[in-house]
Amino acid sequence: MNRRKAPLLLAFVLLLAGSALLVFKTRPEPASSPEAAPARAKAPAPVGSQGFSAQGPWAPADGEQAREAGLERPEKDIVSYLRSRYGAHIRDPHTQMRMLEQLMRHFQKLNPTGWEADLLAVLKQAFPELYDELVQRLHQRLDYEKWVKEHHAGLKDKPEAERRAAIWEERTRLFGKETAEKIWVAELRNLAVSDSLKAIDALPNASVGERMAEYKKGLEKAYGENSQAYVQAHQQELMNRFLDLGSVQKDLGTLPPEQRAQNLRTIRKEMGLDEEALQRWEDLDRVRDTRWEVGSQYMSEREALAQQYSGPELEARLTELRARYFSEEAQTIADEEQSGFFRFTRPRQWGRN
């Protein structure tokens, strides 16, 4: 190795070791990527394009199945559990639907053919004053599931705007407009944010800061007085959605390193990250920058070798090259290349990889 590259590669090795401590220290959500985010994030349940799934927005989210263990009790305890968990908001259609979905999963597992009678018996004990309304809500839910199953193939093939219109027409017919909007409130908000992001991405000649300002306006419009709390709870997901915009990546890619770093800091700060988290992100950015620089040098040398050698001779020299650049990670790089994946030829996503 020539003397010019030695300090850079040494720094790369040290930074990789440091990044492991960085990621561990921040206790991110479990992820398969070694670049797990330094800021903890809580992602919402999937919505939007999956809204025409038969399960709707009520499939169990992360941790939901564990909380549903409250149903694994004698009947009287189930009644107490339902009152305790749902009683405070039981008149809200979305709460009603979440409870009914939970009960459906529970009783269908216990009694696949007679589950509905068992479910209704528990409802009558738990919320007798709302029994008729809850029965109606259950039947609406079952009718909606039937419609989704019958029309799923056709809906999937429709353009997004037509699919969305058809779904909402049926929801309004079955539930009524006001009730449907309350049940699918999370989806409506998510769609509003998605539409806002599309408009932001199309803004001509806007800076990263200007796009972020519009993004925050869109979040405030979608979530109202709860926008700050929502952003705080979903920092990582919201930040990634913004960074994934082609216009934002293009703008960041054209900036000098110092300005790009400042823009990334501003984006993260606008998403509510504190000073400690901002510093961890900046440290991780430096690790990533070094990794990409080393990767670029590796690919240049790899290409030069491929032009001079072939067969076993080429593979032997590539093995030596990978060991020199990547040490313990060399075999992983070799396996990736054997499968046709070259990590350093993929696009650089600033703030993401």
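Residues numbered from 1 in each chain as written. Predicted model: local features only at pLDDT ≥ 70, side-chain atom pairs only at ≥ 80, totals over all residues. Heavy atoms only, no water.

### Remarks on helix α9 (residues 185-201)
For α9, spanning 17 residues, the distance from its first C-alpha to its last is 24 Å, which sits close to the expected 24 Å at 1.5 Å a residue. Taken together, the buried positions of α9 are E187, N190, L191, V193, S194, S196, L197 and I200. On its buried side, α9 packs onto α7 (160-175), α10 (208-223), α12 (235-243) and α13 (246-254). (Helix = DSSP H or I, 4+ residues; strand = E, 2+ residues; numbered from the N terminus. Expected span 1.5 Å × (residues − 1). Buried < 20%, exposed > 50% of the residue type's maximum accessible area, 1.4 Å probe, protein only. Contact = heavy atoms within 4.5 Å.)

### A closer look at the nonpolar core
Y215, L219, F242 and M271 are the most contacted members of the largest nonpolar core, which totals 28 residues. Only α9, α10, α11 (227-233), α12, α13, α14 (257-270) and α15 (275-308) provide two or more residues apiece to this core. Per element, the largest residue contribution to this core is six residues, and it comes from α10. What L219 contacts, discounting residues up to four positions off in sequence, is V193, G224, S227, V231, L238 and M271. (Core = buried A, V, L, I, M, F, W, Y, C linked by side-chain atoms within 4.5 Å.)

### Re empty space enclosed by the protein
If you walk through the whole model with that rule in mind, you get one cavity of 30 Å³ or more. Considering only enclosed or pocket space, the largest cavity measures out at about 40 Å³ in volume. Taken together, Y298, M299, I333, E336, E337, F341, F342, R343 and F344 form the lining of the largest cavity. Breaking the lining of the largest cavity down by element, the ones donating at least two residues are α15 and α17 (330-338). (1 Å grid on protein atoms, 1.4 Å probe; cavity = no way out; pocket = protein on both sides within 12 Å on 5 of 7 lines; lining within 4 Å. Points joined across faces, edges and corners; volume = space filled by probe spheres on them.)

### Quick look at the confidence of the model for the protein chain
Mean pLDDT for the protein chain: 85, with 78% of residues reaching 70 or above. A low-confidence stretch, residues 39-55 stays under pLDDT 50, and its non-local contacts, those more than four residues away or across chains, total 45 contacts. (pLDDT = per-residue confidence, 0-100.)

### Brief notes about the pattern of salt bridges
Counted by the stated rule, this structure contains 31 salt bridges. The partner of R268 in a salt bridge is D285, and the shortest N-O contact between them spans 2.7 Å. One end of the pair, R268, is in helix α14; the other, D285, is in helix α15, and 17 residues separate them in sequence. Classification of R268 by relative accessible area gives buried; the value is 2%. (Salt bridge = Lys/Arg side-chain N within 4 Å of Asp/Glu carboxyl O.)

### A word on the packing of helix α6 (residues 131-157) against α7
The interhelical angle for the contact between α6 and α7, taken along N-to-C directions, is 160°, at an axis separation of 11 Å. Classed by the angle they form, the pair α6 and α7 counts as roughly antiparallel. Viewed along their axes, α6 and α7 form a crossing whose handedness is right-handed. In contact with Q140, R141, D143, Y144, W147, L155 and K156 of α6, α7 contributes R163, A166, I167, E170, R171, L174 and F175. Class assignment of the residues belonging to the contact of α6 with α7 gives a composition of seven nonpolar, one polar and six charged. (Axes fitted to C-alpha atoms, helices over the stretch in contact; angles between N-to-C directions. Parallel < 35°, antiparallel > 145°, perpendicular 65-115°, else oblique. Left-handed = near helix turned anticlockwise from the far one by under 90°. Nonpolar A, V, L, I, M, F, W, Y, C, P; charged D, E, K, R; others polar.)

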